[in-house]
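Here are the chains, one letter per residue:
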Amino acid sequence: TMQREKILHFISSVFATMTEAESIQENDDLIEDLGISSMDILTLISYLEEEFNITITERMIRKVATVGDLVDLVQNALE
């Protein structure tokens, strides 16, 4: 959906400052494929909360492994 693309684009633009990855795919593992640290993930979460006016709890983050999981998380929070 349009919203999903917007979320993915936002995540990609933030990750561009954190990772050397050329392009970011939904099935990329945040830590293994992109080398994102847990600190970076928390930073990203705060950006997402601000950008999309949502609240993401620590418990919600625990289930996130891939970029796609992160997009799903934001999408679900928006519904």
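Preceding block: the structure.
The rules behind these values
- Residues numbered from 1 in each chain as written.
- Predicted model: local features only at pLDDT ≥ 70, side-chain atom pairs only at ≥ 80, totals over all residues.
- Heavy atoms only, no water.
- Helix = DSSP H or I, 4+ residues; strand = E, 2+ residues; numbered from the N terminus.
- Expected span 1.5 Å × (residues − 1).
- Buried < 20%, exposed > 50% of the residue type's maximum accessible area, 1.4 Å probe, protein only.
- Arc of directions from axis to C-beta.
- Contact = heavy atoms within 4.5 Å.
- Salt bridge = Lys/Arg side-chain N within 4 Å of Asp/Glu carboxyl O.

## Quick word on helix H2 (residues 38-52)
Point 1. Compared with the 21 Å implied by 1.5 Å per residue over 15 residues, the 21 Å span of H2 between its first and last C-alpha is a close match.
Point 2. Along H2, the residues that are buried comprise Ile 41, Leu 44, Ile 45, Leu 48 and Phe 52. The buried residues of H2 all sit within an arc of 105° when viewed along its axis, so they share a single face. In H2, those exposed residues whose orientation departs by more than 90 degrees from the buried face are Met 39 and Glu 50.
Point 3. Contact partners of the buried residues in H2: helix H1 (2-15), helix H3 (58-61) and helix H4 (67-78).
Point 4. Downstream of H2 by one or two residues, Asn 53 has phi in the positive range, about 55°.

## Description of the pattern of salt bridges
Point 1. Counted under the stated rule, the structure contains two salt bridges.
Point 2. When the shortest N-O distance is used, the salt bridge between Asp 72 and Arg 4 registers 2.8 Å. Within this pair, whereas Asp 72 is found in helix H4, its partner Arg 4 is found in helix H1, the two being separated by 68 residues in sequence.
Point 3. Under the relative-accessibility criterion, Asp 72 is labelled partly exposed at 31%.
Point 4. On the basis of relative accessible area, Arg 4 is assigned to the buried category, the value being 19%.
Point 5. Each of the salt bridges in this network shares a partner with another, and the network as a whole consists of Arg 4, Glu 26 and Asp 72.

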